[in-house]
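A closer look at the structure
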Amino acid sequence: GIFEKHKLMYSAQLTFMIMQGEEKLGNPQELDFFLKGNISLDTIDKEPPAPWISAAGWKDLHRLATIEGFEEIFTSIKKELPAWEKWYALENPEESKMPSEYSEKLTPLQQLLILRCFRQDRVSSGIRNFVIKEMKSTKYVTPPVLEYSRIYNQSTRVTPVVFILSPGADPGGELQKLGARMNFFPGKFHELALGQGQAEAAQNLLDMGSKKGHWVILQNCHLMLSWLPTLEKWLESLATKTPHEDFRLWLTTDPTPKFPLSILQMSLKVVTEPPDGLKLNMQGSYSKITQEELDECPHDAYRPLVFVLSFFHAVVQERRKYGKVGWNVAYDFNDSDFSVSKQLLGMYLTKSFINKDENIPWGSLRYLIGQAMYGGRVTDDYDRRILVTYLEEYMGDFLFDDCQPYFFARTDKFDYKVPELGSIDNYNNAIRQLPDVNSPVVFGLHPNAEIQYNTNTAKTIWSDLISLQPRSAGAGGGKSREEHIKETAEALLKQVPPPVDLLVTRKMFERLRRNQVQSKTRKNKAKAKAAKRIVSKRGGKKSRGKGGEKKKEGGSNFDLSLLLPPTTVVLLQELERWNALCTKMAELLDLLLKALKGEVGMSQDLDDLSFSLFNGLLPAPWRKLAPGTQKKLGGWMVHFQRRRAQYEDWLKHKKDPKVMWLSGLHIPESYLTALIQTTCREKGWPLDKSVMYTSVTKFEDEDDVKEKPEQGCYITGLYLEGGGWDIKKACICPQKPKKLVENLPILQVTPIESNKLKLQNTFRTPVYVTQNRRNAMGVGLVFTADLATEQHISMWVLQGVALCLNIAD
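The sections below set out a description of the structure shown in this document. Source: prediction; values computed, not measured.

Rules behind the numbers
- Per chain, residues are indexed from 1 in the order of the written sequence.
- Under the rules for a predicted model, residues below a pLDDT of 70 receive no local features and side-chain atom pairs below 80 are neither given nor counted, while totals for whole chains, interfaces and linings still include all residues.
- As a rule here, side-chain values come from all non-hydrogen atoms in the structure, and water together with hydrogens is ignored.
- Two strands make a pair as long as DSSP finds a minimum of two bridges between them.
- Only DSSP runs of H or I with at least four residues qualify as helices, and only runs of E with at least two residues qualify as strands; both kinds are numbered from the N terminus onward.
- The contact rule is simple, with two residues in contact once any of their heavy atoms fall within 4.5 Å.
- With a 1.4 Å probe rolled over the protein chains alone, any residue whose accessible area is under 20% of its type maximum counts as buried; one over 50% counts as exposed, and the rest are partly exposed.
- The directions considered for the arc run from the helix axis to the C-beta atoms.
- Lines fitted to the C-alpha atoms define the axes, with helices restricted to the stretch that makes contact. Angles between their N-to-C directions range from 0 to 180 degrees.
- Should an angle fall under 35 degrees it is taken as roughly parallel, and over 145 as roughly antiparallel, whereas 65 to 115 is taken as roughly perpendicular and any remaining angle as oblique.
- Left-handed describes a crossing in which the near helix is turned anticlockwise from the far one by less than a right angle; the clockwise case is right-handed.

A few words on the pairing of strand β6 (residues 407–410). Sheet topology places β6 next to strand β7 (residues 415–417); three bridges connect them, and they run antiparallel. In the sheet register, Ala409 faces β7, and the bridge partner there is Tyr416. Here β6 hands over to β7 after four residues, the two strands then running antiparallel side by side.

As structure tokens, this is what we get:
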């Protein structure tokens, strides 16, 4: 009844509770640190002693050094830095001994604290080892195999079974097989897909099944939530009706918080998830293919292409594992996509064989499979680019090149290739030889993608465990929970500035603009008089038409110049949103401090705020009013203060910053649009035919920039994910091992007319607000940057290369 992603977290929580009950947990600060890390608002000024120690890990080490048993951690790192680096660089450091004999001196839980500081990506494996050591068995980290016969044996006529579905998983087939073995299918087996207007049919099935002892399967209960209270009452009354001994009720539903709790409490819960891994996925695809189906198409290319299609089908599903580096949106590609695409292959190749056409219609096949069938589910343009790139890499005449064999991917341990032409057994044998575990390289991703996946898994486990901790727990270090919240709230309140007076600010910029216009007008008049005197001395006179035109143009320019510059309008809009955030922060913090004193009641909003402050999380009401972020409270406050500094600098100098920190703007795309508007006004370009051209400069620091460019701007604070940056060659390069994000040098943005923009050897790189990239609603994309590349762009497309304004801590 638990999703796969929650099972390790559940085992860890039970282990912590058992240890606490047996008083083996020790210092409460240890578990608090393991779950939260260093949530202090203080910044660490001292640099790490080596570049391989991350900023987040360095900050965590400062908190770890305050916990009993770890007082000498900095001394150990300083004395044995090479040994620590060697341990850090291991593939599985949690399996090896730590320097300074910490493996012998520390408990299994204490060893997890050090692992958190150095290698967050190995924490989930470390938790698994911790549970095994403490519980002295692998049983508690080995999920049981899903057996439908065991589920049936545990069920009764009054105990329904609820299947909680995952994308790509359907228990219907297995239930039919179970029903057939027990002589219920098909005569006593009734399935009904719920939806609008199906209430009466469902009720009739329930009444008939309970009387005659049949099995009733109600599918997709989440699509008829309004009827579930009726089902709830029917199930409660079932015990008094003495239903038939053989009656069984099976329900299927997607995860939904609106599913009635009482039905869940009285039922058996079963989570169904699709097979995990490339090998199992391909075996599932081929289990539905027969030799007769392969024989239907006479073309020699059909059987190899069915194998290619099944590989592609498995890859696009397994890519979801890697989160946003894989897909912006997790799509539910299913067997129907594969089945229809296989039919299209057969149809086109049969036609090609009949017409004796030597050329396979690759363009049509790639379009129909990539754009129509699989692409029909894809809503994001950059995800569609990945899908199309896979097909360009997998489908072409190169598959049948005798001189150079084709490989989907090559790793140190295995070469992924298309088997020799043969029967279906030939292809099934090839699938059985595939490794059980696949490197990200197989999917076109960098090996670092596995580190990112494991790190995200650890962060999810921590987040879930924090939500399960009792709210009465202390903060460690002798402080009560209330004292810790009070100190944090007071420290935060001191950092919240008063709102900016928008009326005064607007008038200041209007006055500045008026003075600039008047100064420019006086200069223009002086130039006009000087020109007139020169003309009169020469005995000529101005063309009347030209004079009239000039006057008209001057009048037109004067009218336009009274308007505030577009970038100033953006600043005023930004300050309006900044004021809303500051006001909300001050208001809630003030109320919380009063509630802690007992002067006002503790509302649900204030209770949620106190939970966030206690656990070092960004409160939801503040998150709604701030630019998108994945940072925790400490990192977010550093970001908050830098935003404040940029706004104050902008107001002080009364002009745009020479280098814009785009992450500090609430709506960064509005500033870029304003830059294009400004240039279009000056140059007289049509706005709808103007775009941005970007180029990466050699500047790595803001201080290297002497002045703002005449057109456009410089942008700092961009992070490259999925790839690295070669400063010497000024182009994208593969990532360095264990380096998941890299600072991009300062980027120059220049407005240009679209018909003059000619790009070569560049990768159109999406720029997102956070590492969450773009969601299903299309929110998160800021603009597209042009990055130079020496490699084919398909490499960077499949590696999920993107730029982010704001990264997690």
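By the secondary structure assignment, Pro745 is in the loop between β14 (741–743) and β15 (747–753). Separated by 47 residues in sequence, Pro745 and Lys698 have C-alpha atoms that sit 6.5 Å apart. Setting aside anything within four residues of it in sequence, one finds Pro745 in contact with Val696, Thr697, Phe699, Glu700 and Trp725.

Among the residues of helix α21 (residues 424–432), those classed as buried are Ile424, Tyr427, Ala430 and Ile431. All buried residues of α21 project into a common sector of 125° when viewed along the axis, lining one side. At its buried positions, α21 is contacted by α15 (278–286), α16 (291–296) and α17 (302–318).

Strand order in the open sheet formed by five strands is β14-β11-β18-β16-β17, and the pairing between neighbours is mixed. In the strand order of this sheet, the two ends are held by β14 and β17 (781–788), each with one partner. Strand after strand, the sheet turns through a mean of 35° between neighbouring axes, direction not considered. Bridge count between strand β11 (residues 719–721) and strand β18 (residues 802–806): three bridges; the pairing is antiparallel. Looking at the pairing, Glu721 lines up with Ala802 of β18.

Attention now moves to the packing of helix α1 (residues 4–21) against helix α8 (residues 123–135). Across the interface, α1 lies against α8 with an axial gap of 10 Å and an inter-helix angle of 40°. When the axis of α1 is compared with that of α8, the two are oblique. Between α1 and α8 lies a crossing whose hand is left-handed. For the pair formed by α1 and α8, the contact residues are Leu8, Ser11, Ala12, Thr15, Phe16, Ile18 and Met19 on the first element and Ser124, Ile127, Arg128, Phe130, Val131, Glu134 and Met135 on the second.

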